[in-house]
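If you want the building blocks of each chain, they are given just below.
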Amino acid sequence: MERKYFGTDGVRGRVGRHPITPDFVMRLGYSAGKVLALDARARSDAASRPAVLIGKDTRISGYMLEAALEAGFSAAGVDVCLVGPLPTPAVAYLTRALRLQAGIVISASHNPFYDNGIKFFSSNGVKLDDAIEGEIEAGIGAPMNCVPSADLGRARRIDDAAGRYIEFCKSTFPNELDLRGMKIVVDCAHGAAYHVAPPVFHELGADVHTIGVSPNGININEETGATSPHALSREVLAQQADLGIALDGDGDRVIMVDSQGRIYDGDPLLYATVRSRLRKGAVAGVVGTLMSNLAIEHAFAGLGIPFARADVGDRYVMEALLKKNWLYGGENSGHILCLDRHTTGDGIVSALQVLCALREEGGTLEELLGHLSLYPQVLINVPLPKEFPWKEDRGINDALRSTEAALDGEGRVLLRASGTEPLLRVMVECRDAEKAREAAERVACAVRGAVSAV
């Protein structure tokens, strides 16, 4: 079934515009509650009321959407556990730990504050299957009723949710290791991790300096965090810190910075984690995406580790990992999956795995990763009207073929429509940076021309 509302990461859009409106979100909660209640009863003979957990990031619209979701679930007879602002992976963890039917996150991740979204986790702490999302979509347009008053869902707040998640994160770092003697700058992007990430690293022994920990409802991801790591780079240099850790608005991405201000995205961080695991035993394989740097693929080959590419999006990396029965994968955007530690991408946990490798090998972050030489990648985002048939456009295809021929095997070109924004992403990767820039501009110009001709 083709999904109308669910994208690669839940339902997302501009607040106040369909579908991110209170009435739609209430219907979404009601439909999800009906589907999840039926599923829960099908798995058990007990007729007890199902329950879900709702978390959110720090966007001002989260209050409104949280109330709408709560009303929808209650009308469907589903209890609601509220945890307030918490990272997306915290919701996944707590849903599983509390044995709930589902976890719901109100967040638009790395997007500006005026966007928001709703994404779901199953009882196992992984994103819902497409089939269940399809069932939820199918019920949104149906008349919205209400269970009898005695059967309405109840809401309660879990006051120790943040503390539980902090302890979980710490448990993914070896007991015999600590971070004493290390000065770390932690950038929380004024997002959901602002009150949980700093204590994790501090309680493991690090001297922690923070930025991006003063959310006001509208400054989430604003020139800070994993999508703007240069703010962290400047602060690491100013504080003369050993390294920096940047998370995004909902805490599932991580970017790191060494003491010299150099920025490391998800590709080298994944490599460091996997190489650390390899010293302790065999690694069956690693999943990247179409955007993963070719140099990383070659580096894994040098370690004798198979590498596979999935479509862009952590849900597709997860699908490939589960299909192959592998444990490690990620995206250069900073989503890293370590299925021996968590069921989903987690910025804090991923950073801890890199810090574990650093502690085991000794030295600095630049010594750990500085030998990796990534091929230059140029990414240009071109605005693209919804439903524009870019794959069939002759001008775009001609530019693509001629550009690939000009690269002559020394690089690659990737065109990909964003799953969350009205953009076509033009990416060119090549050993020669100037050649990559020129090639990306050539293709992007063809896309702009095709769009403007409509």
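Use the structure listed above.
Please read these numbers as outputs of a predicted model, since none were measured by experiment. (Residues numbered from 1 in each chain as written. Predicted model: local features only at pLDDT ≥ 70, side-chain atom pairs only at ≥ 80, totals over all residues. Heavy atoms only, no water.)

Side-chain alternation along strand β16 (residues 377-383) places V378, I380 and V382 on a buried face and Q377, L379, N381 and P383 on a face that remains uncovered. Judged from the seven bridges that link them, β16 and strand β18 (residues 423-430) form a sheet pairing that is antiparallel. Counterpart to P383 in the pairing with β18 is L423. (Buried < 20%, exposed > 50% of the residue type's maximum accessible area, 1.4 Å probe, protein only. Helix = DSSP H or I, 4+ residues; strand = E, 2+ residues; numbered from the N terminus. Pairing = 2+ DSSP bridges.)

One open sheet holds the five strands; their spatial order is β8-β7-β9-β10-β11, and the pairing between them is mixed. Of all strands in the sheet, those with a lone pairing partner are β8 (207-211) and β11 (263-264), marking the two edges. The pairing of strand β10 (residues 254-258) with β11 spans two bridges and is classified as antiparallel. Note on β11: the bridge partner recorded for M256 is Y264.

This part is about the pairing of strand β9 (residues 243-247). With five of five residues buried, β9 is to be regarded as a mostly interior element. Taking every second residue as pointing to the same face, both faces of β9 are buried, with L243, I245 and L247 on one and G244 and A246 on the other. Taken together, the four bridges between strand β7 (residues 183-187) and β9 define a ladder with parallel strand orientation. Within β9, the residue paired with V186 across the bridge is I245. Pairing analysis gives five bridges linking β9 to β10, with the strands arranged antiparallel. Directly across from I245, in β10, lies its bridge partner M256. Where β9 hands over to β10, the hairpin turn is made up of six residues, of which G251 adopts a positive phi near 75°.

In this section: the layout of surface pockets. Taken as a whole, the largest pocket spans an internal volume of roughly 1600 Å³. Only β1 (11-14) and β17 (411-417) provide two or more residues apiece to the lining of the largest pocket. It is β1 that provides the largest number of residues to the lining of the largest pocket, a total of four residues. Broken down by class, the residue content of the lining of the largest pocket amounts to 16 nonpolar, nine polar and 15 charged. The computed volume of the second largest pocket comes to approximately 940 Å³. Around the second largest pocket sit 38 residues that line it, and R253, M291, N332, S333 and L379 are the ones nearest its centre. Of all the elements in the fold, those that place two or more residues in the lining of the second largest pocket are β11, β16 and β18. Of the residues in the lining of the second largest pocket, the class split is 12 nonpolar, 15 polar and 11 charged. (1 Å grid on protein atoms, 1.4 Å probe; cavity = no way out; pocket = protein on both sides within 12 Å on 5 of 7 lines; lining within 4 Å. Points joined across faces, edges and corners; volume = space filled by probe spheres on them. Nonpolar A, V, L, I, M, F, W, Y, C, P; charged D, E, K, R; others polar.)

So, on to the state of the cysteines. Here, disulfide denotes a covalent bond that connects the sulfur atoms of two cysteines. Across all of its chains, the model carries zero disulfides by this definition. The thiol of C81 is unpaired, and the distance to the nearest cysteine sulfur, on C146, comes to 19 Å. Owing to a relative accessible area of 3%, C81 belongs among the buried residues under this scheme. Residue C338 stays outside any disulfide, its sulfur separated by 10 Å from that of C356, the closest cysteine. (Disulfide = S-S within 2.5 Å.)

For the rest of this paragraph, the subject is the pattern of salt bridges. Counted under the stated rule, the structure contains 29 salt bridges. With its nearest N and O atoms 2.7 Å apart, the salt bridge here joins R59 to D57. With a relative accessible area of 1%, D57 lands in the buried category. Its salt-bridge partner being D160, residue R164 comes within 3.2 Å of it at the nearest N-O pair. By relative accessible area, which is 39% here, D160 ends up partly exposed. (Salt bridge = Lys/Arg side-chain N within 4 Å of Asp/Glu carboxyl O.)

Generally speaking, a soluble globular protein has its nonpolar side chains buried in company with each other. Of all hydrophobic cores here, the largest spans 66 residues; its most connected members are F201, I245, I348 and L355. Top contributing element to this core by residue count: helix α11 (residues 347-361), with nine residues. Ignoring any residue separated from it by four or fewer positions in sequence, one finds I245 in contact with I184, V185, V186, D187, F201, L232, V254, I255, M256, A351 and L355. Residues I20, L28, Y30 and A76 belong to the second largest nonpolar core, which totals 30 residues. (Core = buried A, V, L, I, M, F, W, Y, C linked by side-chain atoms within 4.5 Å. Contact = heavy atoms within 4.5 Å.)

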